Amino acid sequence: MVPLRAELLRAAMRMTHRPGDAEDLVQDTLMRAYRSFETLRPGTNTRAWMHQILRNTWINNHRAAQRRPAEVPVDDLGEQTSRESAGCIASAEVAFLAAQPDAEMHAAMAALSDEFRMVVYLADVEGHPYAVVAEMMGTPLGTVMSRLHRARRQLRVLLGGTARRRRLVTAA
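Residues numbered from 1 in each chain as written. Predicted model: local features only at pLDDT ≥ 70, side-chain atom pairs only at ≥ 80, totals over all residues. Heavy atoms only, no water.

As recorded in an unreviewed UniProt entry, the protein goes by ECF RNA polymerase sigma factor SigH and comes from Mycolicibacterium litorale. UniProt, in its Sequence similarities (unreviewed entry) section for the protein, records the words "Belongs to the sigma-70 factor family. ECF subfamily." (UniProt positions renumbered as here; feature names shortened; annotations may be inferred.)

Now the structure itself:
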């Protein structure tokens, strides 16, 4: 088997495209061949037997790697932590608080009539489809669409100053 090592390494390199992975694959192949040496029958083509073990080992490792979650090197983890502290990636708490409506949004929603407030809440906040909102409110689909359009228009007017102040939109 030792004379076949260089040939197996070349074949493993063609499979893995990385020298370290190729060496690991050959080592695993030699270990499996050593453990299964008693199954080798006299007159068997040893070279073909070793290449078959190499191929099966690569396939098993490849399938196992696909089922395994992605691995992140420890060095990259330090960079990620520094980016998080710099504000590039928001923590779960920051993302949750940013998604919460503020006092101006509450005031704007309170200024809407009950029908408009309900349709905006169900369609835009809860994310229900228009047909489901119509069924929940017991109104025709066209009425829901009309109310939603008018409510959004009113909210744009009520929140226009806030959006400009926060520079979410440019002043017209």
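Having seen the model, we can carry on.
Helix and strand counts for the protein stand at nine helices and zero strands. Each helix (α) and strand (β) of the protein, taken in turn from the N terminus, gives the series α-α-α-α-α-α-α-α-α. Counting only contacts in the protein whose residues sit at least 6 apart along the sequence, the fraction spanning at least 24 positions is 51%. (Helix = DSSP H or I, 4+ residues; strand = E, 2+ residues; numbered from the N terminus. Contact = heavy atoms within 4.5 Å.)

Attention shifts here to the packing of helix α1 (residues 5–16) against helix α2 (residues 19–35). Two numbers describe how α1 lies on α2: the axes approach to 8 Å, and their chain directions differ by 125°. Our classification of the angle between α1 and α2 gives oblique. Viewed along their axes, α1 and α2 form a crossing whose handedness is right-handed. Mapping the contact onto sequence places Arg5, Leu8, Leu9, Ala12, Met13, Met15 and Thr16 in α1 and Pro19, Asp21, Ala22, Glu23, Leu25, Val26 and Leu30 in α2. (Axes fitted to C-alpha atoms, helices over the stretch in contact; angles between N-to-C directions. Parallel < 35°, antiparallel > 145°, perpendicular 65-115°, else oblique. Left-handed = near helix turned anticlockwise from the far one by under 90°.)

Next up on the list: the nonpolar core. Membership of the largest hydrophobic core comes to 15 residues, with the highest contact counts inside it found for Leu112, Val119, Val120, Val133 and Leu155. Elements that contribute at least two residues to this core include exactly α6 (103–111), α7 (114–125), α8 (130–137) and α9 (141–165). In this structure Val133 touches Val119, Leu122, Ala123, His128 and Val144, once residues within four positions along its chain are discounted. (Core = buried A, V, L, I, M, F, W, Y, C linked by side-chain atoms within 4.5 Å. Buried < 20%, exposed > 50% of the residue type's maximum accessible area, 1.4 Å probe, protein only.)

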